[in-house]
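A structural walkthrough
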Amino acid sequence: MSRAAAAPLAAYVLHSWDWSETSLIVELFTRERGRVVVAAKGAKRPTSQLRPVLLPFQRIAVQLGRTPADEAAEIHTLRTAEWGGGVPPVPAAAMFSAFYCNELLMKLLARQDAYPQLFDAYAETLAALAADEASALRAFELVLLRETGLLPELGSETLTLAPLAAARRYALHPEAGLVADADGLPGADWVRLEAALLAHHGGALRAACAPVSTPLRAALRGVLHYHLGHARLRSRQVFQDVQKLVDTASR
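Numbers given to residues run from 1 along each chain, matching the order in which its sequence is written. Confidence filtering applies because this is a predicted model: local features only for residues at pLDDT of at least 70, side-chain atom pairs given and counted only at 80 or more, and all residues used for totals across whole chains, interfaces and linings. By convention in this description, side-chain values take in all heavy atoms of the structure and omit both hydrogens and water.

The subject of this paragraph is unusual backbone geometry. We note that Leu161 has phi near 65 degrees; this positive angle belongs to a residue other than glycine. Considering the arrangement of structural elements, one finds Leu161 in the loop between α3 (133-147) and β6 (169-173). Per-residue accessibility, obtained with a 1.4 Å probe over protein chains only, is compared with the maximum for each type, and a residue is labelled buried under 20%, exposed over 50%, and partly exposed between these values. Residue classification places Leu161 among the exposed positions, given a relative accessible area of 63%. Phi is positive for His200, which is not a glycine, with a value near 55 degrees. Note that His200 resides in the loop between α4 (187-199) and α5 (202-209). Secondary structure elements are defined from DSSP: runs of H or I of at least 4 residues count as helices, runs of E of at least 2 residues count as strands, and each element is numbered from the N terminus.

So, on to the environment of Val53. Here Val53 shows up in the loop between β3 (34-40) and β4 (60-64). Val53 gets classed as buried once you look at its relative accessible area, which sits at 11%. Along the sequence, Val53 and Ala43 sit 10 residues apart, while their C-alpha atoms lie 9.4 Å from each other.

Once that is clear, we can look at the pattern of salt bridges. Put simply, a salt bridge is a Lys or Arg side-chain nitrogen that is within 4 Å of an Asp or Glu carboxyl oxygen. All told, the structure shown has nine salt bridges when counted by the stated rule. Among the salt bridges present, the one from Arg31 reaches Asp120, with a minimum N-O distance of 2.8 Å. Here Arg31, found in the loop between β2 (24-30) and β3, pairs with Asp120, found in helix α2 (residues 116-128); they are 89 residues apart in sequence, far enough to count as distant. Residue Asp120 is classed as partly exposed on the basis of its relative accessible area, which comes to 29%. Here Glu124 makes a salt bridge to Arg206, at a shortest N to O gap of 3.3 Å. Remark: Arg206 occurs in helix α5 and Glu124 occurs in helix α2; sequence separation between them is 82 residues. Taken together, the salt bridges that share partners define one network made up of Glu27, Arg35 and Arg111.

Take the sheet that holds β4 next. Spatially, five strands are ordered β1-β2-β3-β5-β4 in a closed barrel, and the strand pairing comes out mixed. Adjacent strand axes in the sheet meet at a mean angle of 50 degrees when their direction is disregarded. As paired elements, β4 and strand β5 (residues 75-83) share five bridges and run antiparallel to each other. Residue Ala61 lies in a different strand from β5, and its bridge partner there is Glu82. Every residue pair with non-hydrogen atoms within 4.5 Å of one another is taken to be in contact. Between N-to-C directions, angles span 0 to 180 degrees; the directions come from axes that are lines fitted to C-alpha atoms, helices contributing only their stretch in contact. On the sheet, helix α1 (residues 95-108) packs against β1 (9-18), β2 and β3 and is oriented at approximately 90 degrees with respect to β1. At least two bridges found by DSSP between two strands are what make those strands a pair.

To continue, consider the packing of α4 against α5. Relative to each other, α4 and α5 sit at 165 degrees, their axes nearing to 8 Å. Taken together, the axes of α4 and α5 lie roughly antiparallel to each other. Considering how the two elements wind past one another, α4 and α5 form a crossing that is left-handed. Along the contact surface, α4 presents Arg192, Leu193, Ala196 and Leu197, while α5 presents Ala204, Leu205, Ala208 and Cys209. Only Asp, Glu, Lys and Arg are considered charged in this grouping, and only Ala, Val, Leu, Ile, Met, Phe, Trp, Tyr, Cys and Pro are considered nonpolar; every other residue, Gly among them, is considered polar. Its residues assigned to classes, the contact of α4 with α5 comprises seven nonpolar, no polar and one charged. Roughly parallel means an angle under 35 degrees; roughly antiparallel means over 145; roughly perpendicular covers 65 to 115; every other angle is labelled oblique. A clockwise turn of the near helix away from the far one marks a right-handed crossing, whereas an anticlockwise turn of less than a right angle marks a left-handed crossing.

Next comes the structure, spelled out in structure tokens:
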């Protein structure tokens, strides 16, 4: 027997692709159930109520059909989807960064695992991209790595557990964690980032990222690349290709 239909879920569309001439398969990021894949029947029809709602970067409320009898089944039926409001549109200039966030979620999160704090951080990131894109991305990457268990505690050396010295520099290595390194960030910066992470305060975390966003970018990208393995990020490649076209046209 299948279970009763679930209550509405807060969700964002991460990706969608054609299923048939009239329907879509949609990858959702929900607060209550994490990544969920749904079949949106008839969503491509001009008169479908789902068509204007199943768009990326806008908060929606979705209701799924009955959970399949096979709990391992990954595709659910989408019954309803309504605009949730509360999030301003992502500006065009930040669209690549928003797609980058979506791609990270799809490649690093297992399906059917809930990450409510990461969901909230993602919503905050979309709203913050217009104000300070670099800091918003660094803060999102930190929360993503922490919530998925890929980020060590940033207030101490990973191998020795010794507290960080404020003026001494440390680098974040994918395998060894935080280690003393003259090319790294001062201990005070890492400690500030850790405090903001523990406070679960997006604004404080973005503020902590702001003065170190450039060196932090390289450190976090190294960790992300290590854990992504051979999974290439298409959004970054697309951005680089577009940037090359813009640079060529401006010459």
